[in-house]
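Breakdown of the fold
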Amino acid sequence: MTRMEPQPGIMDIALYVGGASQIAGVSDVVKLSSNENPFGPSPAAIAAVERSARTLHRYPSTDHASLRAALAEVHGLDAARIICGVGSDEIIHFLCQAYAGPGDEVLYTQHGFAMYRISAMAAGATPVEVAERDRTVHVDAILAACTEHTRLVFIANPANPTGTFIQLGEVERLAEGLPEQCLLVLDGAYAEFEEGYDGGAALIEHRDNVVMTRTFSKLYGLGGLRVGWGYASRDIIDVLNRVRGPFNLSSTALEAAEAALGDHAYVEKCLAENAKMRSWLTEALRGLGIGVDDSHANFVLARFSDPAEADACEAHLKTQGLIVRKVAGYKLPEALRITVGDESACRRVVHAIGQFKAVAE
Ligand SMILES: *Cc1c(COP(=O)(O)O)cnc(C)c1O
């Protein structure tokens, strides 16, 4: 007998590193490292969580019919083409498991989200990274990188950690140009933050090679509960449901997500605050001489003159109780990703970076 060994490639997967949440010896800490909603979950979602406690002896729904119907209603979609997952991470995982294996290639872009690579490798497939242009997804570069082995192409739009966005026409050109055996996955974790953008849902109505993923973790403030969903052709949803565990979402998660979805006033308030503070933060950072692209999400990417300055600024922010995200792992060592917090958090960040810049000069 040989020793028990995992499948080839599993031990080559670099573990996902989440945003830090504590600083030793510093109180009044603000976490701006994971793009969470600074206002927390909707009160309606909190009430649903409390209510759900009384029926926890029951197994949850296996088909998520109630949440899917609510999603279909709010977004004007076909409920039969929705699948729910333990965060959109799980949908990404299902896609890799179902559509990619040894010898297949999974494409994502230079600064793309870490889970694409992790899930591709977990499925035994070959991850392929494609260059971006000015921190933005470059459609022609992706099309040029496709081969007969390419099975999945992942792009986040708006993208993380860059916050950039490509127009729907570009997305459609990408979908149109992909090889026949290849699926395009539009990760819409931040879709709600781009006004008027449907995450690509309308595109999916007439294309069977596009999948959209969405989440309750960002705008809806439910990252801790783990609820995401996907939208695609019925055939693809039928495939994904075969690799999904029957009870993947808890009853608490299902009920809270549905309640959050129904609290339109809360969602509108969060969106308005984000838009207001995002432009304020962007302008204030630019005023301090820091490079900031226009963000289409709930964070900004602050670019310093070099990696050493970014690291030093991150260290200074930490002493001020402000946790932001280093993104060297996303090939942006000179940058820091800062979640748009509430007004007081944004003011603290700008004040602290102003201090840092003043001392540096
Ligand atoms: C946060 C994020 C997700 C969402 O992950 P969940 O599993 O739904 O919490 C997906 N994609 C990107 C690009 C993200 O930033």
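Residues numbered from 1 in each chain as written. Predicted model: local features only at pLDDT ≥ 70, side-chain atom pairs only at ≥ 80, totals over all residues. Heavy atoms only, no water.

- As named in an unreviewed UniProt entry, the protein chain is Histidinol-phosphate aminotransferase, taken from Primorskyibacter sedentarius.
- UniProt lists a comment for the protein chain under the heading Cofactor (unreviewed entry), and it reads "pyridoxal 5'-phosphate".
- The heading Catalytic activity (unreviewed entry) in the UniProt record of the protein chain holds the text "L-histidinol phosphate + 2-oxoglutarate = 3-(imidazol-4-yl)-2-oxopropyl phosphate + L-glutamate". (UniProt positions renumbered as here; feature names shortened; annotations may be inferred.)

**Details of the overall build of the protein chain**
- The helix and strand inventory of the protein chain stands at 12 helices and 13 strands.
- Taken over C-alpha atoms, the radius of gyration comes to 21 Å for the protein chain, in line with the 21 Å a tight globule of 361 residues would show.
- Considered along the principal axes of its C-alpha atoms, the protein chain spans approximately 60 × 55 × 50 Å.
- Counted over contacts in the protein chain with a minimum sequence separation of 6, partners at least 24 positions apart contribute 74%. (Helix = DSSP H or I, 4+ residues; strand = E, 2+ residues; numbered from the N terminus. Rg over C-alpha atoms; globule rule 2.2 N^0.38 Å. Contact = heavy atoms within 4.5 Å.)

**Topic: the nonpolar core**
- Val153, Ile155, Leu184, Phe216 and Trp229 are the most contacted members of the largest nonpolar core, which totals 51 residues.
- Top contributing element to this core by residue count: helix α9 (residues 251-262), with 6 residues.
- Mapped onto the domain boundaries, this core takes at least three residues apiece from domain 1 (18-40 + 265-360) and domain 2 (43-262).
- Once residues lying within four places of it in the same chain are set aside, the contact partners of Ile155 are Thr109, Tyr116, Val137, Ile142, Ile166, Leu174, Leu184, Val185, Leu186 and Asp187.
- By size, the runner-up hydrophobic cluster in this structure holds 33 residues, among which are Ile13, Val106, Ala120 and Val211. (Core = buried A, V, L, I, M, F, W, Y, C linked by side-chain atoms within 4.5 Å. Buried < 20%, exposed > 50% of the residue type's maximum accessible area, 1.4 Å probe, protein only. Domains from an automatic or database assignment.)

**Some remarks on the packing of helix α10 (residues 264-287) against helix α12 (residues 343-360)**
- Close contact between α10 and α12 brings their axes to 10 Å; oriented N to C, the two are set at 5°. One element, α10, and the other, α12, form an angle in the roughly parallel class. Within the contact between the two elements, α10 uses Lys276, Met277, Trp280, Leu281, Ala284 and Leu285 and α12 uses Glu343, Cys346, Arg347, Val349, Val350 and Ile353.
- Of the residues in the contact of α10 with α12, the class split is 9 nonpolar, no polar and 3 charged. (Axes fitted to C-alpha atoms, helices over the stretch in contact; angles between N-to-C directions. Parallel < 35°, antiparallel > 145°, perpendicular 65-115°, else oblique. Nonpolar A, V, L, I, M, F, W, Y, C, P; charged D, E, K, R; others polar.)

**Observations concerning the sheet that holds strand β3 (residues 105-109)**
- Taken in spatial order, the 7 strands make up an open sheet running β2-β8-β7-β6-β5-β3-β4, and their pairing is mixed. The open sheet has two edge strands, β2 (82-85) and β4 (126-130), and neither has a second partner. Averaged over all neighbouring strand pairs, the angle between strand axes comes to 20°, with direction disregarded.
- Relative to strand β8 (residues 228-231), strand β7 (residues 210-215) runs antiparallel, the two being bridged by 4 bridges. The residue bridging Thr215 from the neighbouring strand is Gly228, located in β8.
- Running over the sheet, helix α3 (residues 87-99) touches β2, β5 (150-156), β6 (183-187), β7 and β8 and is turned about 165° from β5. (Pairing = 2+ DSSP bridges.)

**Some details on the environment of Thr136**
- One can find Thr136 in the loop between β4 and α5 (139-145).
- Spatially, the C-alpha atom of Thr136 lies 30 Å from that of Ala72, the residues being 64 residues apart in sequence.
- The residues touching Thr136, leaving out its near neighbours within four places in the chain, are Thr164, Phe165 and Ile166.
- Side-chain polar atoms of Thr136 contact the backbone oxygen of Asp134, separated by 3.0 Å. (Polar contact = N/O pair within 3.5 Å; in protein donor to acceptor, adjacent residues only side chain to side chain.)

**Quick look at the site of the ligand**
- Lining the immediate environment of the ligand, one finds 13 residues, of which Asp187, Tyr190, Thr215, Ser217 and Lys218 sit closest.
- Contact between the ligand and Tyr190: an oxygen atom at 2.6 Å from a side-chain N or O atom of the residue.
- The contact in question runs from an oxygen atom of the ligand to an N or O atom on the side chain of Arg226, over 2.7 Å.
- Coverage of the ligand by the protein amounts to 94% of the 390 Å² it exposes when considered alone.
- Counting residues per element, the shell around the ligand draws most heavily on α3, at 3 residues.
- Residue composition of the shell around the ligand, by class: 4 nonpolar, 5 polar and 4 charged. (Near = heavy atom within 4 Å. Areas by Shrake-Rupley, 256 points an atom, 1.4 Å probe, with all protein chains shown as cover.)

**Here we look at the pattern of salt bridges**
- All told, the structure shown has 22 salt bridges when counted by the stated rule.
- Two residues, Arg226 and Asp89, come together in a salt bridge whose shortest N-O distance is 3.7 Å. Of the two residues, Arg226 is situated in the loop between β7 and β8 and Asp89 in helix α3; the sequence distance between them amounts to 137 residues.
- Across the pair Arg242 and Asp238 runs a salt bridge, and its minimum N-O distance is 3.0 Å. Here Asp238 and Arg242 lie together in helix α8 (residues 234-243), a separation of 4 residues that amounts to about one turn.
- With a relative accessible area of 64%, Arg242 lands in the exposed category.
- Taking the relative accessible area as the measure of exposure, Asp238 reaches 38% and is therefore partly exposed.
- Among the ionic contacts, a cluster of salt bridges with common partners joins Asp311, Glu314, Lys318 and Lys326. (Salt bridge = Lys/Arg side-chain N within 4 Å of Asp/Glu carboxyl O.)

**A closer look at unusual backbone geometry**
- Backbone torsion omega between Asn157 and Pro158 reads -5°, so that peptide bond is classified as cis.
- With respect to the helices and strands, Pro158 occurs in the loop between β5 and α6 (168-177).
- Each neighbour pair has its own omega, and for Asn160 with Pro161 the value is 10°, a cis peptide bond.
- Here Pro161 lies in the loop between β5 and α6.
- Notably, Asp134 is not glycine yet its phi reads approximately 50°, a positive angle.
- Among the secondary structure elements, Asp134 is positioned in the loop between β4 and α5.
- With phi around 60°, Arg135 is a residue other than glycine that occupies positive phi space.
- By the secondary structure assignment, Arg135 is in the loop between β4 and α5.

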